[in-house]
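Results of the structural survey
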Amino acid sequence: MDIKLDPSQDDLPLMANTSHTLVKHYVLDLDVDFKSQIIEGTIVLFFESGSRFKKQSSSTEETCQSESNEACKFRMPEACHIPVTNTRTFSSKMGYNDFTVCGKGEKDTSGKDGNHDNREQASGISSSKYCCDTGNHESEDFLLVLDCCDLSVLKVEEVDVAAVPGIEKFTKSPKLTVVSEELRNQIIHELVTLPADRWREQLDYYARCSQAPGCGELLFDTDAWSLQIRKTGAQTASDFPHAIRIRYRTKPQGRSVTWTSDQSGRPCVYTMGSPINNRALFPCQEPPVAMSTWQATVRAAACFVVLMSGENSAKPTQLQEGCSSWHYYVTMPMPASTVTIAVGSWTEMKPETCSSHDLATERSFSPSEADFRYVGVCGHMEYPCRFQIASATTQEIIPHRVFAPVCLRGACQETLLRLIPPCLSAAHSVLGTHPFSRLDVLIVPANFPSLGMASPHIIFLSQSTLTGMSHLCGTRLCHEIAHAWFGLAIGARDWTEEWLSEGFATHLEDVFWARAQQLAPHKAQEQQELRACLRWHRLQDEVRNSPEEMQVLRPNKEKTGHVSDSGSSVIKHGLNPEKVFMQVHYLKGYFLLWFLAKRLGDDAYFSFLRKFVHTFHGQLILSQDFLQMLLENIPEEKRLDLSVENIFRDWLESSGIPQLLPDQLVLLLECLLERKTLNPRTLQSLERTYHLPEQDAEVRHRWCELIVKHRYTKAYKDVERFLQEDQAMGIYLYGELMLSEDAGQQQVARRCFKLTREQMDRSSAEVVAEMLF
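This report concerns the structure included in the present document. In this text, all values refer to a predicted model and were calculated from it rather than measured experimentally.

Next up on the list: the pairing of strand 18 (residues 400–404). The buried fraction of strand 18 is high, at five of five residues. On strand 18, burial covers both faces: H400, V402 and A404 on one face and R401 and F403 on the other are all buried. Two elements, strand 17 (residues 347–349) and strand 18, share three bridges in a ladder whose sense is antiparallel. Each bridged residue has a counterpart across the sheet, and for M349 the counterpart in strand 18 is V402. Where strand 18 meets strand 19 (residues 439–443), four bridges bridge the pair, whose relative direction is parallel. Of the residues in strand 19, the one forming a bridge with H400 is L439. Handedness of the strand 18-helix 5 (residues 409–431)-strand 19 crossover: left-handed.

See the structure below:
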């Protein structure tokens, strides 16, 4: 591995060698056991490697070394000391009340590493050089590296896909007589490259292949952050098996999942998402560039409901008494971090009444072959895209369901259920086609650490959003709905650029919520400007109370998006515990977009945003992709000195609050002038942060208006200076000083007029005299 990591730092390593081979599809087959707090089963990975991965010589000879300078030892698994139960065999005994999964038993009692058939390196990641090179060298086997932690890996084997009945259709031979590694890899290549309109057939064969027998165990080893796999004699990624099966189990303390109880006291488990994403749920390629599809079969006791980030609204299949199976899939390639699962005694919450209009509006538009027709050209890799389905593009409200513990039924019916349709409709009116065909909303347990989290087809909401009036629930719902476009359908290629997700969602939540409430334009503006002021206060507090290096939105600067030769990288500050609670990416990103929208004009900006969504959905982007396209759409007279480089410098690559351009400051101050009250500390902070007395006359004029309106006596000297030095713009200030009916302000006006009257233009002097006397 050609990446240097210091385990004492707070960076998150992405270890997968995605430059050599990419996972195209995952098939998960899992059992959930609440008694042992373990998820156990298999995952089958289907790979694709291109011609660029063919064996090539290297001028650099790298040795395989660990911290102790011993050779890396990959062992073939010996007899397993703990029996591995076939995931399709179920016990007839159901213990732990009704909360035990089919066929599983005791709590995990394995050692700290949990790996029964391999050696886990206690030293973790070397601070100088990772233990084994993953490149292609004449004398070494290719090493597949997957992101993995907090997992007990039990077995890794190659899958004999050639044994699947009917698989010969993916080869050039009508009958398979001689089966080789090359033939198996050819079959996988043909399968993963099937055209989008054959997605059902593709999923079916993925499932069949995942159940094929093994044809040889593979060498594997683990360390603190990765699973490394090799096959003797396979020297390149092209030679390496393109379908492998990993048998594993999670650990109760694994950081990707949370085992807890819901609000009714019944056990549940759900994925947490960040900071380590899903590597403690299944071995995977974490880097966002590894965009893949997946399907999953999850078994649990029949009293539980399994929800996942899948395209289909799964229904349970009863396997035996007390045990059910759930199946989900996705056909839109996305990073493995977007896979989400929640298992609990959830109850589907339905409205007390349901109108025929609602049902007609929410008809499901799944991408079936019959309805698959192109209405535009997309720039992403091929998949059955909703942007190409004519009926989906006009669907304002996608089918949706709400799940929660039964004790929250009343709160869901009173608040959440009635908000989802208008919020979905508002989002469609702003951005157009919903990227995902359906939506589940789950009220997660009380220990969920944020107000919400969005994944494909499912949103987690905190119970805190259900209390009080509907404002918090509505705004948070709008925020998470916005992530369907920004964060999911359009993802950041470098995870350090979180503002591309959170900044957009924060900016869009106000717009969606105003439309969902059907506010008049002036009322919507008032609401949005008030929220801008509140966010300004929060951003100031955040800047004052957080480390400077954590305030930078593009910390890697010119190296943003760069990875090592193998594809590995690190996420700067990804493991810093403070980062989870910081809002700087939300707030600075929000204000950048707010000012850009004001510069372009709201109508023109959102028209551009729809164009941007249509251009980049299904793809990963960097900041410059958005900014370059935006600047190309800003007329020259409005662009002024805006450039990608200036925005990088002022907004994305510096700590603190950006030094705004004069016209941006004018926009900010004009919005603040709409507020009835402002705290003197806020005015003082504005003055110091933006050096307002030193700005140009346009900015200082608005600053003086704020001083007069809020009677900020400490800055009256700035008003006096403006009236004396900027007489061409100061006449209106005289009127405001007199209209305030404040004796102190009227005294300022009369004193300044007395000092400047002799030098003033006669007409101006007469107008001011009428105001004052």
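Mapped onto the elements of the fold, D141 is located in the loop between strand 3 (38–48) and strand 4 (143–147). No salt bridge is formed by the buried D141. Its closest oppositely charged neighbour is R230, at 4.2 Å. From its side chain, D141 meets the backbone nitrogen of G233 in a polar contact 3.0 Å long. Setting aside residues no more than four positions away along its own chain, D141 makes contact with R230, K231, T232, G233, A234 and Q235.

So, on to the sheet that holds strand 4. Strand order across the open sheet formed by three strands is 4-8-7, with antiparallel pairing between neighbours. Strands at the two margins of the open sheet, each flanked by one partner only, are strand 4 and strand 7 (219–222). Looking at each pair of strands side by side, their axes are set apart by 20° on average, direction ignored. Pairing of strand 7 with strand 8 (residues 226–230), which is carried by four bridges, proceeds in the antiparallel orientation. Of the residues in strand 8, the one forming a bridge with L219 is R230.

Glancing now at the packing of aromatic side chains. In this structure the tally under the stated criterion is 30 aromatic pairs. Between F486 and F612, the aromatic rings sit 6.4 Å apart at their centres with planes inclined by 5°, giving stacked as the arrangement. With F486 in the loop between helix 6 (471–482) and strand 22 (490–492) and F612 in helix 10 (residues 602–616), this pair connects stretches of sequence that are 126 residues apart. Its relative accessible area of 1% is what places F486 among the buried residues. What makes F612 buried here is its relative accessible area of 0%. Aromatic pair Y734 and F753: ring centres 6.3 Å apart, planes at 85°, arrangement edge-to-face. Of this pair, Y734 sits in helix 18 (residues 731–739) while F753 is found in helix 19 (residues 743–756), placing the two residues 19 residues apart along the sequence. F753 shares its class with Y734; the two are buried. Of the aromatic side chains, those joined through ring pairs into one cluster are F486, W499, F504, F608, F612, F616 and F626. Directly above the aromatic system of Y205 lies the positively charged group of R208, at a separation of 4.7 Å from the ring centroid.

Here we come to helix 8 (residues 521–545). Look at helix 8: 36 Å from first C-alpha to last across 25 residues, which is about the 36 Å you get at 1.5 Å a residue. Of all the positions in helix 8, only A524, Q527, E529, R531, A532, C533, R535, W536, L539, Q540 and E542 are classed as buried.

Conventions we followed
- Residues numbered from 1 in each chain as written.
- Predicted model: local features only at pLDDT ≥ 70, side-chain atom pairs only at ≥ 80, totals over all residues.
- Heavy atoms only, no water.
- Buried < 20%, exposed > 50% of the residue type's maximum accessible area, 1.4 Å probe, protein only.
- Helix = DSSP H or I, 4+ residues; strand = E, 2+ residues; numbered from the N terminus.
- Pairing = 2+ DSSP bridges.
- Right-handed = clockwise from strand over helix to strand, strands pointing away.
- Lys, Arg positive; Asp, Glu negative; His and termini not counted.
- Salt bridge = Lys/Arg side-chain N within 4 Å of Asp/Glu carboxyl O.
- Polar contact = N/O pair within 3.5 Å; in protein donor to acceptor, adjacent residues only side chain to side chain.
- Contact = heavy atoms within 4.5 Å.
- Axes fitted to C-alpha atoms, helices over the stretch in contact; angles between N-to-C directions.
- Phe/Tyr/Trp six-rings, centres within 6.5 Å; stacked < 30°, edge-to-face > 60°.
- Lys NZ or Arg CZ within 6 Å of the ring centre and 35° of its normal.
- Expected span 1.5 Å × (residues − 1).

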